[in-house]
Structures are given as structure tokens and as C-alpha cells.
Amino acid sequence: MAEIKLAADVRTSFGKGAARSIRRENKVPAVIYGHGTEPVHVTLPGHDLHLALRTANVLLSLDIDGKTELAIPKAVQRDAIKGFLVHVDLLLVKKGEKVTVEVAVETEGDLAPGSFLVENVLNTLSVEAEATHIPTSVTVSIEGLEAGAAIHAKDIKLPSGTTLATDPEAVVIQILAAQAEEPAADTEAAEGAEA
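Attention here is on the structure that accompanies the text. (Residues numbered from 1 in each chain as written. Predicted model: local features only at pLDDT ≥ 70, side-chain atom pairs only at ≥ 80, totals over all residues. Heavy atoms only, no water.)

**Quick word on the pairing of strand β7 (residues 98–108)**
The test is simple: Strands are labelled as partners when DSSP assigns at least two bridges between them. Each helix corresponds to a stretch of at least 4 residues labelled H or I by DSSP, and each strand to a stretch of at least 2 residues labelled E; elements are numbered beginning at the N terminus.
Pairing analysis gives seven bridges linking β7 to strand β9 (residues 124–130), with the strands arranged antiparallel. Each bridged residue has a counterpart across the sheet, and for K98 the counterpart in β9 is E130. In this structure, β7 lies alongside strand β10 (residues 137–141), joined through five bridges in parallel fashion. By the bridge assignment for β10, T107 is matched with V140.

**Regarding the sheet that holds strand β8 (residues 116–120)**
Quick note on the threshold: Helix axes use the C-alpha atoms of the stretch in contact, all axes being lines fitted to C-alpha atoms, and the angles between their N-to-C directions lie in the range 0 to 180 degrees.
The three strands lie next to each other as β8-β13-β11, forming an open sheet whose pairing is antiparallel. On the outer flanks of this sheet lie β8 and β11 (150–152), each paired with one strand and no other. Neighbour to neighbour, the strand axes of the sheet diverge by 10° on average, direction disregarded. Taken together, the five bridges between β8 and strand β13 (residues 171–177) define a ladder with antiparallel strand orientation. By the bridge assignment for β13, L117 is matched with L176.

**Observations concerning the sheet that holds strand β4 (residues 59–64)**
As a reminder of what qualifies: By the convention used here, residues are in contact when the closest approach between their heavy atoms is within 4.5 Å.
Around the barrel, which closes on itself, the six strands sit in the order β1-β3-β2-β6-β5-β4 with mixed pairing between neighbours. Within the sheet, the average angular offset between the axes of one strand and its neighbour, ignoring direction, is 45°. Bridge count for strand β2 (residues 27–34) against strand β3 (residues 37–45) is seven bridges, and the pairing is antiparallel. Each bridged residue has a counterpart across the sheet, and for I32 the counterpart in β3 is V40. The strands that helix α1 (residues 16–24) touches are β2, β3 and β6 (85–93); relative to β2, the one it contacts most, it runs at about 120°.

Remember that the coordinates give geometry; whether it matters functionally is a separate question.
And the structure:
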């Protein structure tokens with residue numbers, strides 16, 4: 001995973017008014033915390049941060065007053081209607097440190113012939129990985145599976161250096177038989193016969 005570098009400016013003004021004026025400048029208010037240190041309130045460039053957050057569990061290299069800190073996003077608040085970034089909480093990390101994060105579960109392959117449906121019981125898995133090597137997703141093969149098949153968390157191959165934090169017995173994906181609906185004409189004929 002590549003580090004994305006962002007310049008962070010320490011902020012001293014707080015509250016709704018200060019946050020609004022920061023966002024008017026196309027910046028995003030953020031708080032950096034972790035490792036037993038006092039939280040640091042900063043502003044980050046809005047466009048660059050928006051692009052960086054497109055990558056799940058992105059590793060940010062923040063330049064704060066000439067000092068570089070590594071952080072990962074912990075909580076991202078967006079405007080409910082327009083979708084712009086309102087506030088971001090960042091967690092400090094160090095190279096070699098293990099962190100627990102959620103990674104997306106993706107499927108590949110085709111089911112066995114027939115009318116089957118894939119049910120994603122879990123869309124993400126909780127895993128523990130080194131902060132500088134967090135996987136963006138895990139891929140699960142559903143090739144040739146039929147109704148009744150299930151893939152548990154323990155069955156998913158994780159990248160090296162990544163361990164499972166989710167319950168190993170948790171069902172991640174299950175295959176269901178498609179339910180056929182009765183044709184509408186049959187139900188109308190049955191209703192007419194009753195009358």
C-alpha cells in the first residue's frame with residue numbers, strides 16, 4: 001500500500017463557525033489521536049483528502065509543522081445530502097505496528113449452472129495487519145458453488161501478514177436457490193373461479 005502525503009495545518013479555532021470557515025476554504029477539519037498523545041486538531045486539503053479516501057484503509061503521511069506522522073482514517077463524516085467531507089478522525093500508526101481494520105469482501109467466478117443467488121452475509125471482514133501493509137480487500141472464489149454452499153471467514157485466504165479478527169465460524173457468503181414466482185395469470189384465474 002502506498003502512502004499518500006498530505007500537508008496538515010494545526011488549527012487553534014474550534015466550533016461550528018470555525019469548521020464552516022475551514023470548509024469554505026476547501027479544507028477539512030480533522031483530529032489526529034493515538035499512542036497516548038494529546039489529540040491534535042488540524043485542517044487538511046479537501047480535494048486531496050477526498051481523493052485519498054477513495055482507497056479503503058488508506059495510509060496517510062501527514063506533514064505537521066515539518067514533522068511527518070503516519071495515520072489511517074478511523075471515522076469519516078460526510079454531508080448527508082451533498083456528500084462533501086465534514087470531519088475526519090485519524091489514528092496515528094507506526095511502521096511495524098498491527099492495527100485492526102475492516103476490509104471489503106469481493107467475489108469472483110461463476111456459480112454452477114442453475115438458478116442460484118449469492119447472499120453476502122458479511123460485506124467486510126475484520127482483520128489485523130501491519131499498518132503499512134493493510135489489504136484494500138479480500139477476494140473469495142464462488143466458482144461452481146450450488147445452493148446450500150457457504151463460505152466461512154476461516155475459509156478465506158488472507159494476504160501474508162494479515163490475520164483474521166472476525167469470528168472464524170461466521171458465514172461470509174452463502175448460496176441460495178432462486179425462488180420461482182407463480183405466474184400472475186394463474187392467480188387471476190383462481191380468483192375468478194372462486195367468484
